[in-house]
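Reading the structure
Chain by chain, the residues run as shown.
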Amino acid sequence: MFRRNSDAEPMSAQERTARRLQQVGRNLAGERGGRIANRVSEAIGCGRIEFCDDPNCPNCAPVE
């Protein structure tokens with residue numbers, strides 16, 4: 001099971017899906033792709049992913 005970098009608790013399927021969509025959106029279309037990915041993930045019930053500006057933030061690291 002996937003785990004967040006900062007937690008020992010397993011990541012839910014919804015969060016994993018939302019993070020994957022966010023990663024794909026940002027890779028394809030940058031910031032705009034991230035906004036679109038948030039709309040899609042929210043529409044399918046996975047929630048939104050918000051990223052901070054800190055490059056060393058363990059919660060904002062991409063899913064592997």
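Residues numbered from 1 in each chain as written. Predicted model: local features only at pLDDT ≥ 70, side-chain atom pairs only at ≥ 80, totals over all residues. Heavy atoms only, no water.

Moving on, we come to the overall build of the protein. Along its length, the protein carries 1 helix and 0 strands. Here the protein holds 64 residues, and 27% of them are scored as buried. A sequence separation of at least 24 residues applies to 40% of the contacts in the protein between residues at least 6 apart. (Helix = DSSP H or I, 4+ residues; strand = E, 2+ residues; numbered from the N terminus. Buried < 20%, exposed > 50% of the residue type's maximum accessible area, 1.4 Å probe, protein only. Contact = heavy atoms within 4.5 Å.)

Tallied over the entire structure, the rule returns 3 salt bridges. For R19, the salt bridge goes to E15, with nearest N and O atoms at 2.9 Å. One end of the pair, R19, and the other, E15, are both in helix α1 (residues 13–43), 4 residues apart, so they sit about a helical turn from each other. With relative accessibility at 16%, the residue E15 sits in the buried group. Across the pair E42 and R48 runs a salt bridge whose closest N-O atoms are separated by 3.5 Å. On the basis of relative accessible area, E42 is assigned to the partly exposed category, the value being 45%. (Salt bridge = Lys/Arg side-chain N within 4 Å of Asp/Glu carboxyl O.)

For α1, with 31 residues, the first-to-last C-alpha span of 15 Å runs short of the 45 Å given by 1.5 Å per residue. Along α1, the helix axis deviates most sharply at A29, where the bend reaches about 145 degrees. Among the residues of α1, E15, A18, R19, Q22, G25, G33, G34, A37, N38 and S41 are the ones counted as buried. Positive phi shows up at G45, right after α1, with a value of about 90 degrees. (Expected span 1.5 Å × (residues − 1). Bend = angle between axes of the 7 residues up to and from the residue.)

On the surface, a nonpolar cluster with roughly 250 Å² of combined accessible area is contributed by I36, V40 and I44. As for its placement among the helices and strands, V40 is situated in helix α1. (Patch = residues over 30% accessible without salt bridge, like charges linked within 9 Å, V, L, I, M, F, W, Y side chains within 5 Å. Areas by Shrake-Rupley, 256 points an atom, 1.4 Å probe, with all protein chains shown as cover.)

Summarising the element assignment, L21 is placed in helix α1. The exposure class of L21 is partly exposed, given its relative accessible area of 28%. Discounting residues that sit within four places of it in the chain, L21 has contacts with A37, V40, S41 and I44.

Let us now look at the side chain of Q22. Within the fold, Q22 resides in helix α1. On the accessibility criterion, Q22 (1% relative accessible area) is buried. Polar contacts involving the side chain of Q22 include one to the side chain of N38, which spans 3.2 Å. The residues contacting Q22, other than those within four sequence positions of it, are G34, A37, N38, I49 and F51. (Polar contact = N/O pair within 3.5 Å; in protein donor to acceptor, adjacent residues only side chain to side chain.)

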